[in-house]
Amino acid sequence: MASNNISSFTGKFLDGGVRPHLFEVQGNIGPFGIDEKTPFLVKAAQLPASTLGVIEVPYRGRKIKVPGDRTFAEWTITVLADGKFQLRDKFEAWSQAINAHEGNISVADYPEPMGDGSVYADWTINQLDRQGTKVKTYNFIGCFPSEVSAIDVNMETTDSLEEFTVTLQYTYWSSNTTDGDGTIEGAISQVFAQSFQS
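Residues numbered from 1 in each chain as written. Predicted model: local features only at pLDDT ≥ 70, side-chain atom pairs only at ≥ 80, totals over all residues. Heavy atoms only, no water.

Right, let's talk about the overall build of the protein chain for a bit. If you tally the helices and strands in the protein chain, you get four helices and nine strands. Each helix and strand of the protein chain, ordered N terminal to C terminal, gives the series α-β-α-β-β-β-β-α-β-β-β-β-α. For the protein chain, buried positions account for 26% of its 198 residues. Restricting to contacts in the protein chain with at least 6 residues of sequence separation, those with at least 24 account for 58%. (Helix = DSSP H or I, 4+ residues; strand = E, 2+ residues; numbered from the N terminus. Buried < 20%, exposed > 50% of the residue type's maximum accessible area, 1.4 Å probe, protein only. Contact = heavy atoms within 4.5 Å.)

Ranked by internal contacts, the top residues of the largest apolar core, which has 25 residues, are Trp-75, Ile-77, Trp-123 and Phe-140. The set of elements that each furnish at least two residues to this core consists of strand S1 (23-27), strand S5 (75-80), helix H3 (86-98), strand S6 (121-128), strand S7 (134-148) and strand S8 (163-169). Of the residues forming this core, the biggest block, four residues, is contributed by H3. (Core = buried A, V, L, I, M, F, W, Y, C linked by side-chain atoms within 4.5 Å.)

Non-glycine residue Asn-104 carries a positive phi angle of around 55°. The phi dihedral of Asp-159 falls on the positive side, at around 50°, and the residue is not glycine.

Moving on, we get to H3. The terminal C-alpha atoms of H3, which comprises 13 residues, lie 19 Å apart, in line with the 18 Å expected from a rise of 1.5 Å per residue. Regarding H3, the residues found buried are Leu-87, Arg-88, Phe-91, Trp-94, Ala-97 and Ile-98. Buried positions along H3 lie against helix H2 (38-41), S5, S6, S7 and S8. (Expected span 1.5 Å × (residues − 1).)

Here we come to the pattern of salt bridges. As enumerated under the stated definition, the model contains six salt bridges in all. In this structure, Lys-90 engages Asp-35 in a salt bridge whose closest nitrogen and oxygen atoms are separated by 2.7 Å. Here Asp-35 lies in the loop between S1 and H2 and Lys-90 lies in helix H3, a separation of 55 residues in the sequence. Salt bridges here are not isolated pairs; linked through shared partners, they connect Asp-35, Lys-37 and Lys-90. (Salt bridge = Lys/Arg side-chain N within 4 Å of Asp/Glu carboxyl O.)

So, about the pairing of S6. Burial analysis of S6 places six of its eight residues in the buried class, which makes it a mostly covered element. Where S1 and S6 come together, five bridges link them in antiparallel fashion. Bridge pairing in S6 links Glu-24 to Asn-126. Sheet analysis places S6 next to S7, joined by seven bridges and oriented antiparallel. Looking at S7, one finds that Leu-128 is bridged to Lys-134. Taken together, S6 and the strand that follows it, S7, pair antiparallel across an intervening segment of five residues, in which Gly-132 is found at a positive phi of about 85°. (Pairing = 2+ DSSP bridges.)

Let us look at the side chain of Ser-149. Residue placement: Ser-149 occurs in the loop between S7 and S8. At a separation of 2.8 Å, a polar atom in the side chain of Ser-149 contacts the main-chain amide nitrogen of Thr-165. With sequence-adjacent residues up to four places away left out, Ser-149 is seen in contact with Arg-88, Phe-164 and Thr-165. (Polar contact = N/O pair within 3.5 Å; in protein donor to acceptor, adjacent residues only side chain to side chain.)

Here the structure, examined in full by the defined rule, presents eight aromatic pairs. Here a set of aromatic residues connected by ring pairs shows up, and it is made of Phe-72, Trp-75, Phe-140 and Tyr-170. Above the plane of the ring of Phe-164 lies Arg-88, whose end atom (NZ or CZ) is 5.0 Å from the centre. (Phe/Tyr/Trp six-rings, centres within 6.5 Å; stacked < 30°, edge-to-face > 60°. Lys NZ or Arg CZ within 6 Å of the ring centre and 35° of its normal.)

Mapped onto the elements of the fold, Thr-38 is located in helix H2. What makes Thr-38 buried here is its relative accessible area of 1%. When sequence neighbours within four positions are dropped, the list of residues in contact with Thr-38 reads Val-25, Gln-26, Ile-29, Leu-87 and Trp-123.

Structure (structure tokens):
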């Protein structure tokens with residue numbers, strides 16, 4: 001039976017919860033590598049969903065649901081435009097290297113992800129606690145930008161900063177707290193280990 005005692009709730013609500021504004025994002029901007037401004041200027045992102053498809057198997061008027069294939073949705077970050085457009089220029093140039101606006105050619109290579117000059121790059125988002133310590137990390141493997149968004153400009157706009165979004169496609173994500181050694185037993189063991197550390 002659930003307790004209505006507020007002290008019981010407080011005892012289970014470890015470390016005062018997690019704050020959505022305590023995060024940092026970093027990654028290689030294609031061939032330009034790491035930019036130290038990225039963790040400061042990425043103002044919004046998402047911790048990714050974990051999505052499995054569903055296969056419905058009919059049987060005498062009923063449907064049995066069987067786990068299907070895993071899919072990974074696109075990942076979008078929101079970036080504050082710095083005064084010299086340095087980050088936006090790098091994202092645009094990364095996209096241009098994949099497919100040139102005018103020439104319709106690619107100057108980037110397609111080796112294994114993270115090779116020198118590669119189309120692909122790895123990105124990371126860290127959830128931080130209130131002391132600034134990383135409590136969970138997601139790694140996005142094999143990213144490339146499918147869209148660098150437009151920036152609206154308007155003479156009537158005041159008290160605001162320009163920002164833009166970058167939509168990154170990726171092959172898969174991994175997590176430092178749930179992946180284990182790639183087996184079901186390893187994943188379960190890692191989750192239990194994290195629980196006992198709390």
